[in-house]
Amino acid sequence: MDVLDEFDIKIIKELEKDGRMAYSAIATTLKISNTMVHQRINRLFDQGIIAGIKPIINEKKIGYDWGAFTGITLNKDEDSSRIIEELKKIPEVTECYYITGSFTLYIKMIARDHEHMRKLLYEKIDTIPGIAKTDSMIELGCAFKRNISL
């Protein structure tokens, strides 16, 4: 059984255009009832298919010109939960993933400039007990970022 039907997909596509769009406007555009839109969106939230509707901040517009992807090698992989909790305390770390391969964790972080990036790496991340090594790549700009196509 498919998780999403054609109405769910159409509703999600409308929300992707503008997450602030009124449910009544979605109903009008899709020629369905306002109640149906409400019920569908509530169900999509309840099922965890829509995880949230929030602003997408353009970090560069607020002074964060540097981005980096950093692979993190741990002394012991079983320390990952504790280390992730420490990484959560660093506001500039915006994403964290478990990965396979040479690293245990992979993070995305942002900084105002190269000095800020250096301090994040050397004074905040590298000092977390249990981190053996970091390997960073500086991001030169996002070519694109999107949701999976429905």
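This text goes with the structure placed above it.
Residues numbered from 1 in each chain as written. Predicted model: local features only at pLDDT ≥ 70, side-chain atom pairs only at ≥ 80, totals over all residues. Heavy atoms only, no water.

### Topic: the layout of surface pockets
In this model, the largest pocket occupies a volume close to 1600 Å³. Lining the largest pocket we find 40 residues, and of these Lys-54, Pro-55, Ile-56, Lys-145 and Asn-147 sit closest to its centre. Listing elements by their share of the lining of the largest pocket, those giving two or more residues are α1 (6–17), β1 (66–74), β2 (93–98) and β3 (105–111). Of the residues assigned to the lining of the largest pocket, the class counts are 20 nonpolar, 7 polar and 13 charged. (1 Å grid on protein atoms, 1.4 Å probe; cavity = no way out; pocket = protein on both sides within 12 Å on 5 of 7 lines; lining within 4 Å. Points joined across faces, edges and corners; volume = space filled by probe spheres on them. Helix = DSSP H or I, 4+ residues; strand = E, 2+ residues; numbered from the N terminus. Nonpolar A, V, L, I, M, F, W, Y, C, P; charged D, E, K, R; others polar.)

### Focus on the sheet that holds strand β4 (residues 131–139)
Strand order in this open sheet of 4 strands is β2-β3-β1-β4, and the pairing throughout is antiparallel. A single partner strand is all that each edge strand has here, and the edge strands are β2 and β4. Averaged over neighbouring strand pairs, the angle between their axes works out to 20 degrees when direction is ignored. One ladder, built from 7 bridges, connects β1 with β3; its direction is antiparallel. Bridge pairing in β3 places Trp-66 opposite Ala-111. Against the sheet, helix α4 (residues 80–88) engages β1, β2, β3 and β4, with an angle of about 165 degrees to β2. (Pairing = 2+ DSSP bridges. Axes fitted to C-alpha atoms, helices over the stretch in contact; angles between N-to-C directions. Contact = heavy atoms within 4.5 Å.)

### Let's talk about the side chain of Ser-80
Position of Ser-80 among the secondary structure elements: in helix α4. Ignoring sequence-local partners within four residues, the contact set of Ser-80 consists of Leu-74 and Tyr-98.

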